[in-house]
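# What the coordinates show
Residue-level listing of the chains:
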Amino acid sequence: MTDRPANDSIDILERIADTLATRNPARGGDPSTSYVAKLLAKGPDAFLKKIGEEATEVVLAAKDADPDKILYETADLWFHCLVMLEHYGLRPRQVIDELARREGLSGLAEKAARPPS
Ligand SMILES: N=c1c2ncn([C@@H]3O[C@H](COP(=O)(O)OP(=O)(O)OP(=O)(O)O)[C@@H](O)[C@H]3O)c2ncn1[C@@H]1O[C@H](COP(=O)(O)O)[C@@H](O)[C@H]1O
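These numbers come from a predicted model, not from an experiment.

### So, a nonpolar patch on the surface
Among the surface-exposed residues, Leu48, Tyr88 and Leu90 lie close enough to one another that they form a single nonpolar patch of about 270 Å² accessible area. As for its placement among the helices and strands, leucine 90 is situated in the loop between helix 4 (67–87) and helix 5 (92–102).

### Some words on the packing of aromatic side chains
A full pass over the atoms with the stated rule returns two aromatic pairs. For the ring pair tyrosine 35 and phenylalanine 79, a centre distance of 6.2 Å and an interplane angle of 35° mean the geometry is tilted. Taken together, the positions of tyrosine 35 in helix 2 (residues 35–42) and phenylalanine 79 in helix 4 put the pair 44 residues apart, joining distant regions of the chain. Note on tyrosine 35: relative accessible area 43%, which makes it partly exposed.

### Section: the packing of helix 2 against helix 3 (residues 44–63)
Two elements in contact, helix 2 and helix 3, have axes separated by 5 Å at closest approach and are oriented at 115°. By the angle class used here, helix 2 and helix 3 are roughly perpendicular. Only Ala46, Phe47 and Lys50 of helix 3 make contact with helix 2, whose side of the interface consists of Tyr35, Leu39, Leu40 and Lys42. Of the residues contributing to the contact of helix 2 with helix 3, the split by class is five nonpolar, no polar and two charged.

### Concerning the site of the ligand
Looking at the ligand, the residues that line it are Leu20, Arg23, Ser34, Tyr35, Val36, Lys50, Glu54, Asp76, Phe79 and His80. With respect to the ligand, the backbone of valine 36 contributes an N or O atom lying 3.0 Å from an oxygen atom. Coverage of the ligand by the protein chains reaches 49% of its 840 Å² of free accessible surface. Every element with two or more residues in the shell around the ligand is listed here: helix 1 (6–23), helix 2, helix 3 and helix 4. Each residue belonging to the shell around the ligand can be placed in one class, and the counts come to four nonpolar, two polar and four charged.

### What to know about the packing of helix 3 against helix 4
For the pair helix 3 and helix 4, interaxial distance at closest approach is 8 Å and the crossing angle is 160°. Between helix 3 and helix 4, the interaxial angle falls into the category roughly antiparallel. Judged by the sense of rotation from one axis to the other, the crossing of helix 3 with helix 4 is left-handed. Touching Pro44, Phe47, Leu48, Lys50, Ile51, Glu54, Ala55, Glu57, Val58, Ala61 and Ala62 of helix 3 are Lys69, Ile70, Glu73, Thr74, Asp76, Leu77, His80, Cys81, Val83, Met84 and His87, all from helix 4. Its residues assigned to classes, the contact of helix 3 with helix 4 shows 13 nonpolar, three polar and six charged.

Conventions used here
Residues numbered from 1 in each chain as written. Predicted model: local features only at pLDDT ≥ 70, side-chain atom pairs only at ≥ 80, totals over all residues. Heavy atoms only, no water. Patch = residues over 30% accessible without salt bridge, like charges linked within 9 Å, V, L, I, M, F, W, Y side chains within 5 Å. Areas by Shrake-Rupley, 256 points an atom, 1.4 Å probe, with all protein chains shown as cover. Salt bridge = Lys/Arg side-chain N within 4 Å of Asp/Glu carboxyl O. Helix = DSSP H or I, 4+ residues; strand = E, 2+ residues; numbered from the N terminus. Phe/Tyr/Trp six-rings, centres within 6.5 Å; stacked < 30°, edge-to-face > 60°. Buried < 20%, exposed > 50% of the residue type's maximum accessible area, 1.4 Å probe, protein only. Axes fitted to C-alpha atoms, helices over the stretch in contact; angles between N-to-C directions. Parallel < 35°, antiparallel > 145°, perpendicular 65-115°, else oblique. Contact = heavy atoms within 4.5 Å. Nonpolar A, V, L, I, M, F, W, Y, C, P; charged D, E, K, R; others polar. Near = heavy atom within 4 Å. Polar contact = N/O pair within 3.5 Å; in protein donor to acceptor, adjacent residues only side chain to side chain. Left-handed = near helix turned anticlockwise from the far one by under 90°.

Set out below in structure tokens:
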């Protein structure tokens, strides 16, 4: 476990998101030199398929209870989610804001307060 300050984590996500933005083919990213540009150039089906695959890898790693594999596969999943956010013009900061909004709100209480469907 690293001893980076908590704020550094969102800084890293935002920095990677900045890099991904430069790789977007819509902004001149080159699919011949960039994995991200290549994936984004293929369109949503390609990166959504990767998210599905990486999510499955996370599940398998967790079933194996292998900490190194869990961390590696979760990083792959998060990375591909960042690519997806870039495509839709969204930022990791916005996901963190949503988690912050929920902070301290019990999932059980939130569910009980939902209007009847
Ligand atoms: N964090 C990552 C990252 N994590 C994983 N990957 C790549 O994601 C790809 C898919 O991983 P898999 O293990 O599923 O490999 P695979 O089965 O061979 O992949 P596919 O052929 O199915 O696409 C691999 O090529 C990994 O190297 C990443 N590629 C890039 N980044 C970040 O994105 C930035 C921009 O990358 P480029 O666009 O390549 O310059 C980099 O500087 C990094 O910060």
